[in-house]
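# Secondary and tertiary structure notes
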Amino acid sequence: MAYRERFRRLIPGLVVIVVATSLFFAVRTSVAVAGGEQVAKQYGFKEMPIAMPPGYDRQPMNTVRTVNPAYQKIRSWISSVGASIAINDLTGHGVADGMCIVDTRTNSVIVTYTPTARPADRFTPFVLDAAPLPMDDTMAPTGCTPGDFNGDGRMDLLVTYWGRTPILFMAKSDATTPSASSYVPRELVPSQSLDGKYHGPRWNTDADYVADLDGSGHPSIVIGNYFPDSDVLDPHGLNNVVMNNSLSSARNAGGDHVLRWYRSTSGPEPTVSYVEEKDAIPYSASTGWTLAISGADLTGEGLPDLYIANDFGHAHLLYNRSTPGHISFTEAKGERTPTTPKSFVLGNGSFKGMGVDFGDLGHDGRFDMVVSNITVPWGLEESNFVWINQAKDNADMRRKLSSGVAPFTQEAQQYGMAWTGWGWDAKMGDFLNSGDLSVLQADGFVKGNIDRWPWLQEMAMTNDDLLSNPAMWPNVQPGDDIAGDEAIAFYAKTPDGRYVNISSQLGIAVKTPTRGIATGDTTGTGALDFAVARQWGPPAFYANTSPNLGDYLNLRLYRPAGAGGAGQGLVNTGSPAYGATVRITTPAGTQISQLDGGGGHGGFRSFDVRFGLGTYHGPVTADLTWRDAGGTLHQTTKQLSPGTHSLMLTSDVQEVPSR
């Protein structure tokens, strides 16, 4: 009888184990997608060493940040972001084989070349120096975005920080090769210092987006701040720091700033001025904990619409209503049906937006979106978002967005991309030139050897009224681990249309937390390479060695460079045609792509507008939409042969020699 009684008491526990086990296999079955091994055989990547500044690897390497005393018990959490990487044409020679890297181990911004760069594009790698602008140990770089901010045809570098406003490193007209002395640092936000110390706003930026927002022919800048203006990295700072006041609808953050280009000069001492459009974004959509921003022209009006991904709260899709000299957005949200979970309605989600990218997943000539969230099994298992564009055409999209409706459905599970881990930056790209986009996703949080998931899950049930106080958060210090062994994901399309993560088969699944992802055709041969920024680890570059690449169309789109855009050195064919969108048609169907000026979380692709053509080798019909330097919208159709074309966009399209 005693044994039977003991067995009876064990029954509830056994039931729990059986149910949990069945759920585990149900969940893992739902994640698994068939065909990964076969699909992976089509791809190939080779990791290659990145050239760093002389003596760089011999200096001390940090593994955690110095923080405000109020953050001491969670300093590893506070130290979990900042790594960034970009690929672009820094020499002006026509090939995207330059790199800009933010390495959190040294708090350095490194300018170098890709391992695949041509000899003519190689230079001695160096660290950007902000002097004579005020800098101190309470500041740390968080992003490096290439762009031509004064329109002279030379590539400048926008660097964002925690602890201060961004700095524009502007290329000098007399510079002949990239070097520390080739750039002049300029404040993005005007700030004066009479004593050599910084007295401007203490912005804590985790995202930025560069595009021609108002159709003026000049790049505007959107800055996404995470923490409110405060002394986050100051060990002697004021007790003015907070955490999010909710895990699902926090709005007490630094928020978003929209900066409109105002004027600029070129020459050996270039300048540029921006003015803040304080009412550009509705206030209710501008105070979130922003981790990623991206955009695309969803309506064909020649103006990019924005997606702002916020941690701990709602994301926002913003319809662009701007006119030259004035930037304005209104918010659009998805519509809920009886079978739609609340968080699967665009704009109402409570998940943790960490990255976003636009691309044509459906091969139908419409922009879709991929959004990274926290999707750790048995952790905070939410879902990534794959927002599929349901608009019939541009006119239908305009009608819906202007009425406040976002016509997108959430289909991450159907596409096989719902669950990855602790996701960050996401980048789409056609690595086979097949016409189908793959999806790269950064992954992982804090690496250590003590599992802190139980504490984090306990915090997830805490009353929101307590969350903003850092003292109420569980310990996350050196040695603690939260999703630290997760590796970058590479989602490839299978024959049945679903996606499968093949990063392990490709040999790129390094178990070090990653943050930013950059892509570019670094050899000018049509093969798309990529690079990865790792948090508290060295960056990595992967050359595309896929055995059977299809044909391709690669477009370098320029506007005429302004005054001072002549001569040798770093000057390019023209200034990048920010906001240009291209839709191509072949017998295989329709694709759409754009000149991406820079967006996402910590990773920035090159300016090339690329299309994979697969086995098709005939002429391609390309519909181009762009705005000229005066803000006039233009649209035209060109017949182009496969390969690389350099096009100058004025009131017409003219092909110019490719460098």
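Quick caveat: nothing in here was measured; it's all calculated off a predicted structure.

Turning our attention to the overall build of the chain. Within the chain, the secondary structure is distributed over eight helices and 40 strands. For 659 residues, the compact-globule estimate of 2.2 N^0.38 gives 26 Å, and the C-alpha radius of gyration of the chain, at 24 Å, lies within 12% of that figure. For the chain, the spread of C-alpha atoms along the three principal axes comes to 95 × 65 × 50 Å. Expressed as a percentage of the 659 residues in the chain, the buried residues total 62%. Look at the contacts in the chain between residues 6 or more apart in sequence, and 65% of them connect residues 24 or more apart. Of the roughly 24300 Å² of accessible surface on the chain, 53% is carried by carbon and sulfur atoms.

Once that is clear, we can look at empty space enclosed by the protein. Scanning all chains against the criterion turns up twelve cavities of 30 Å³ or more. In this structure, the largest cavity encloses a volume near 370 Å³. Taken together, 25 residues line the largest cavity, and the ones lying closest to its centre are M428, L437, S593, R605 and R610. Take the lining of the largest cavity: its biggest share by element is four residues, from strand β34 (residues 589–594). In terms of lining residues, the second largest cavity is bounded by 21 residues, among which D89, M155, Y558, N572 and F607 are the most central. The greatest single-element share of the lining of the second largest cavity, amounting to three residues, is contributed by strand β31 (residues 551–559). Considering only residue class, the lining of the second largest cavity consists of nine nonpolar, seven polar and five charged. For the lining of the second largest cavity, the two domains that each supply at least three residues are domain 1 (43–544) and domain 2 (551–655).

Further remarks concern the pairing of strand β39 (residues 643–649). A large share of β39 lies buried, amounting to six of its seven residues. Pairing analysis gives six bridges linking β31 to β39, with the strands arranged parallel. When the bridges of β39 are listed, L557 appears paired with L647. Sheet topology places β39 next to strand β40 (residues 653–656); four bridges connect them, and they run antiparallel. For L649, the partnering residue across the bridge sits in β40 and is V653. The antiparallel pairing of β39 with β40 creates a hairpin that spans three residues between the two strands.

A few words now on the packing of aromatic side chains. Inspection of every chain in the model, using the stated rule, returns 28 aromatic pairs. When the centroid spacing of 5.2 Å and the interplanar angle of 75° are considered together, the rings of F45 and F530 count as edge-to-face. Residue F45 is located in strand β1 (residues 45–48), and its partner F530 is located in strand β29 (residues 529–534); the two are separated by 485 residues in the primary sequence. Of the two residues, F45 and F530, neither departs from the other in class, the shared state being buried. Summarising the aromatic geometry, the rings of F431 and F530 are spaced 6.0 Å apart at their centres and angled 80° between planes, so their arrangement reads as edge-to-face. Residue F431 is found in the loop between β22 (423–429) and β23 (438–443), and its partner F530 is found in strand β29; the two are separated by 99 residues along the sequence. Like F431, the residue F530 is buried in the burial classification. R164 extends its terminal NZ or CZ atom over the ring of Y161, reaching a point 5.9 Å from the ring centre. It is R452 that lies over the ring of W455; its NZ or CZ is 4.1 Å from the centre.

Right, let's get into the sheet that holds β34. Here four strands make up an open sheet; going across it, the order is β34-β33-β37-β38 and the pairing antiparallel. Each of the sheet's edge strands pairs with one partner strand only, and the pair in question is β34 and β38 (633–640). Taking the axes of each pair of neighbouring strands and ignoring which way they run, one obtains an average angle of 20° across the sheet. Here strand β33 (residues 581–586) runs beside strand β37 (residues 620–627); their pairing, made up of five bridges, is antiparallel.

Assigned domains of the chain: these are domain 1 (43–544) and domain 2 (551–655). For domain 1 versus domain 2, the distance between C-alpha centres works out to 23 Å. At the interface, 85 residues of domain 1 touch 53 residues of domain 2. When the buried surface of domain 1 facing domain 2 is broken down by residue, R154, F367 and N433 rank first, second and third, together holding 11% of it. Linking domain 1 to domain 2 there are two salt bridges.

The rules we used
Every chain begins its residue count from 1, and numbering advances along the sequence as written. Per-residue local features are limited, in this predicted model, to residues with pLDDT of at least 70; the limit for side-chain atom pairs, both in listing and counting, is 80 or more; totals at the level of whole chains, interfaces and linings are taken over all residues. With hydrogens and water excluded, all non-hydrogen atoms of the structure serve as input to the side-chain values. Each helix is a run of DSSP H or I of at least 4 residues and each strand a run of E of at least 2, with the numbering of both proceeding from the N terminus. It is over C-alpha atoms that the radius of gyration is taken, and the globule rule equals 2.2 Å times the number of residues to the power 0.38. Remark: exposure states derive from per-residue accessible area (1.4 Å probe, protein chains only) relative to the maximum for the residue type, with buried under 20%, exposed over 50%, and partly exposed in between. Note on definitions: a residue-residue contact is assigned when non-hydrogen atoms from the two residues lie within 4.5 Å. Throughout, the Shrake-Rupley method with a 1.4 Å probe supplies accessible areas, and for residues the shown protein chains are the sole cover considered. The pocket and cavity definitions rest on a 1 Å grid over protein atoms only: a 1.4 Å probe that fits but cannot leave marks a cavity, an open set with protein on both sides within 12 Å along at least five of seven lines marks a pocket, and residues lining either have an atom within 4 Å of a point. Grid points are joined across faces, edges and corners, and a volume is the space filled by probe spheres set on the points. Note on residue classes: Ala, Val, Leu, Ile, Met, Phe, Trp, Tyr, Cys and Pro are nonpolar, Asp, Glu, Lys and Arg are charged, and everything else, Gly too, is polar. How far each domain reaches was decided by an automatic or database domain assignment. When DSSP finds two or more bridges between a pair of strands, those strands are recorded as paired. Two rings belonging to Phe, Tyr or Trp (six-membered ring only in the last case) form a pair when the distance between their centres is within 6.5 Å. Interplanar angles under 30 degrees mark stacking, angles over 60 mark edge-to-face geometry, and anything in between is tilted. In our convention, an over-ring charge means Lys NZ or Arg CZ found within 6 Å of a ring centre and within 35 degrees of that ring's normal. Between the N-to-C directions of two axes lies an angle of 0 to 180 degrees, each axis being a line fitted to C-alpha atoms and, for a helix, fitted only over the stretch in contact. Throughout, the accessible surface (probe 1.4 Å) given up by two parts as they are put together, summed over both, is called the buried area. Any Lys or Arg side-chain nitrogen located within 4 Å of an Asp or Glu carboxyl oxygen qualifies as a salt bridge.

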